[in-house]
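# Architecture at a glance
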Amino acid sequence: MSPPRGVRLSRLLSRLRPVPSLRATFTVSFVAVACVVTVLVGILSYSAAARLVRVDEQTVFAEVVRDLRELVEQDPLTPEDFAPSDSGGPRDDLIRSGRTDVQVLGPHGEILDEGAPGLPVRDADRRTADADLAGVTVEHGEVEVGNDRYRVVTVALGGGRGAVQVAQEFSDTEDLLRELQQRTLLFVSGVVVSAGLFGWWLARRQTRRLVQLAGAAEDVARTGHLGIQVPVAGRDEVGRLGRSFDRMLVRLAQSEEDQRRLVQDAGHELRTPLTSLRTNISLLRRIDELPPRVREELVDDLSQEALELTDLVNELVDLAAGQSSTEPVQRVQLADLAEDVAGTARRRTGREIVVRVAGDTTVEGRAGALQRAISNLVENAAKFDRGGSGAIEVVVARGAADRGELGGPGERGDHGDLGGLAGPGGPGHDLDVVRVEVLDRGPGVPDCDLERIFDRFYRAPDARSLPGSGLGLSIVRAVSSAHEGAPFAFRREGGGLVTGFTVRGVADGGGADGGGADGGAGRRGG
C-alpha cells in the first residue's frame, strides 16, 4: 500500500530541501556576528556624534543670545547700532561668533535691516520690539524659511526702540549629520560584505580537512575499501581526528586481512581431516565386509580424526575470540596464573613442572587470555618433550636479573640467569616488561623454523606427524601483541627449546605473591 499523497509530498520536499554544510553554517554565523557588531557600533557612533553636534550648536547659539541680552541690558542701544558697518560693530560680532543670521526690527516691529535670508516677523516679535524693558526675549523653536529651517530668538532693545532677531540654521547641521549617516551606512555595508568574504575564506580554510575527512568516510562507507587516503596534516583537533581515523582504518584493514587469512588457513587445514572423514565414512558402508582388525582401526581413525577436528575447531574459536575479546582488563599476577597452569598440567601429564618467579609480576590485562597463552606454551613443551628427561620449567620475571639470582651457576637457559632473560628473542633489560618463559629438554626446533613457529597453522616437518592444529603458539602471539608485548623462541643450550612472551608491566606495582617488588626470587614446583 502506497503512502498518502501528503506523506509523499513531505518526503519529496525534505529531499529537495538543501542540507546546510558546516562551511555555510560557519560563514553565515561569522557574517551574522560581524553584522550585528558593526550595526551596533555604527548606530551608537552615529547617535553619539549627532548628539554632540546638536548640543554643541545649541550651546553656541545660547551663548550668542546671552551675550546679546547682556549687551542691550548694559547700554541703551538703538537699531542703528546694529546696522552693517565697515569698522565692525555688534552685528558683525554676532554673525562672526556663532555663524548666525541677524535681522534688525524698528519700533512696532518693522524691518529696518533685513537678514539674509529675511526672517518672518510675528506678533510676538512686534510686541517684543515695543517692550520697555531691554533684554526681553521671544524664542521660536523651528522657523521654516524657504527650504531651510532656523532656530530664531528675538531680543528687545528696550524703551520701545525695536529688537534684534538672531537665527541659526538647522539645515547645515542636519545636512552634516545626514552625510555622516550615509557614510556610516556605507561603512557598515562594506564591513558586512568584507566579513562575508573573509568568513567564507576562513570557513573554507578551516573546514577543508573536515570536508576531505568526511569525503574519505563516505568513500569507505560506499565502496568498503579501507585503503582510502585520509588527511592527517596539522596538530589541532582536526589533525588528531584525521590521524585517529587513519589508524582506525589501518586497524580495520588489518582485522579484515586477519579474518581473510584465518578463513583461508582454516579452510585449508579443515580440508584434510574432512577428506579423511569422508573416506572413512564411505568405508563404514562396507563395515560388515571388513575384517575385525580393520574395523577396529577404522573406528580408531574416526575417533582420532574427530578429536583432531574438535581440537582444531576449538583452537579456531579461541583465536577468533581472542581477537574480539570482551573480557575486562584488570590487574593480574602472572605468577599466580603460571602456578594455576602448572598445577593443571601436572595433573594431566604427570610431569614435573617447576615455576620460578622473580620481581613484581603484576600486569594489567585479560586474565583468561594470559592464562591460555601460558597453558599453550606448557602444553607445547609437554607434547614435544615426550621423553621427560628433565622438568618443564616456567619462569615469570620482571625485567632482567643478575646471573645466579635464582640459584647456582648454570648454562644460559638453566636459570642461572633467569632462564635466558638476556637471550635472543626479546627485551631482556626493560624493567617495565614482565617475561614468561617455558623451558623444555625436547628435540628443539631448527633455526630456520624459529621465526615461523608462531604463524597460524605452521608446523615444523618433524612435528606434522604429532597431534595438534598449529594454532597454539599463534594464540600466544595474539595474546602478547594485545598486551603490548611480543613472543620469542630460541634454542636452549644443552638441548631443548625456550619459548615465551613479554607483557607490559604495571609501574610501581605492589609485590607479587611469591616474588616481591624488591626483586627477590622464589621457586614453586612439584
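For the structure, see preceding data.
All values reported here derive from a predicted model rather than from experimental measurement.

### Concerning the overall build of the chain
A count of helical and extended segments in the chain gives 11 helices and 13 strands. Within the chain, buried positions represent 39% of all 526 residues. For the chain, long-range pairs separated by at least 24 residues make up 66% of all intrachain contacts whose partners lie at least 6 apart in sequence. Within the structure as shown, the chain displays about 29600 Å² of accessible surface, and the carbon and sulfur contribution to it stands at 53%.

### Observations regarding the sheet that holds strand E5 (residues 163-169)
The strand order across the open sheet formed by 5 strands is E2-E1-E5-E4-E3, and the pairing between neighbours is antiparallel. Across the chains shown, the open sheet's two edge strands, defined by having one partner strand only, are strand E2 (111-113) and strand E3 (137-145). Taking each pair of neighbouring strands and ignoring which way they run, the sheet shows an average axis angle of 30°. When strand E4 (residues 148-156) meets E5, the two strands line up antiparallel, connected through 7 bridges. Bridge pairing links Thr 154 to Gln 165 in E5.

### Section: the nonpolar core
Core analysis: the largest hydrophobic core is formed by 38 residues, its most contacted members being Leu 334, Leu 370, Ile 374, Val 378, Val 394 and Phe 501. Counting residues per element, the ones that place at least two in this core are helix H8 (334-349), strand E7 (353-358), helix H9 (367-384), strand E9 (392-398), strand E10 (433-440), helix H11 (472-482) and strand E12 (497-504). Considering each element in turn, this core owes the most residues, 8 residues, to H9. Setting aside residues up to four positions removed in sequence, Leu 334 forms contacts with Thr 361, Val 363, Leu 370, Ile 374, Val 396, Val 434, Val 436 and Val 503. By size, the runner-up hydrophobic cluster in this structure holds 15 residues, among which are Val 72, Val 102, Val 155 and Val 164.

### Notes on a nonpolar patch on the surface
There is a patch of nonpolar side chains on the surface, built from Val 33, Val 37 and Val 41 and spanning about 250 Å² of accessible area. Tracing the backbone through its elements, the reader meets Val 33 in helix H2 (residues 22-74).

### Let's talk about the pattern of salt bridges
Evaluated as defined, the whole model comprises 8 salt bridges. Here Asp 123 makes a salt bridge to Arg 126, at a shortest N to O gap of 3.0 Å. With Asp 123 and Arg 126 both in helix H4 (residues 123-129), this residue pair falls 3 residues apart, about one helical turn. Judged by its relative accessible area of 51%, Asp 123 falls in the exposed class. Here Glu 179 ties to Arg 183 by a salt bridge, and the two come within 2.8 Å at their closest N and O atoms. In this pair, Glu 179 and Arg 183 are both assigned in helix H5 (residues 170-223), 4 residues apart and thus about one turn of the helix distant. Here Arg 183 falls in the exposed class, since its relative accessible area comes to 55%. A cluster of three or more residues bridged by salt bridges with shared partners is formed by Arg 356, Glu 393 and Arg 492.

About the cut-offs
- Residues numbered from 1 in each chain as written.
- Predicted model: local features only at pLDDT ≥ 70, side-chain atom pairs only at ≥ 80, totals over all residues.
- Heavy atoms only, no water.
- Helix = DSSP H or I, 4+ residues; strand = E, 2+ residues; numbered from the N terminus.
- Buried < 20%, exposed > 50% of the residue type's maximum accessible area, 1.4 Å probe, protein only.
- Contact = heavy atoms within 4.5 Å.
- Areas by Shrake-Rupley, 256 points an atom, 1.4 Å probe, with all protein chains shown as cover.
- Pairing = 2+ DSSP bridges.
- Axes fitted to C-alpha atoms, helices over the stretch in contact; angles between N-to-C directions.
- Core = buried A, V, L, I, M, F, W, Y, C linked by side-chain atoms within 4.5 Å.
- Patch = residues over 30% accessible without salt bridge, like charges linked within 9 Å, V, L, I, M, F, W, Y side chains within 5 Å.
- Salt bridge = Lys/Arg side-chain N within 4 Å of Asp/Glu carboxyl O.

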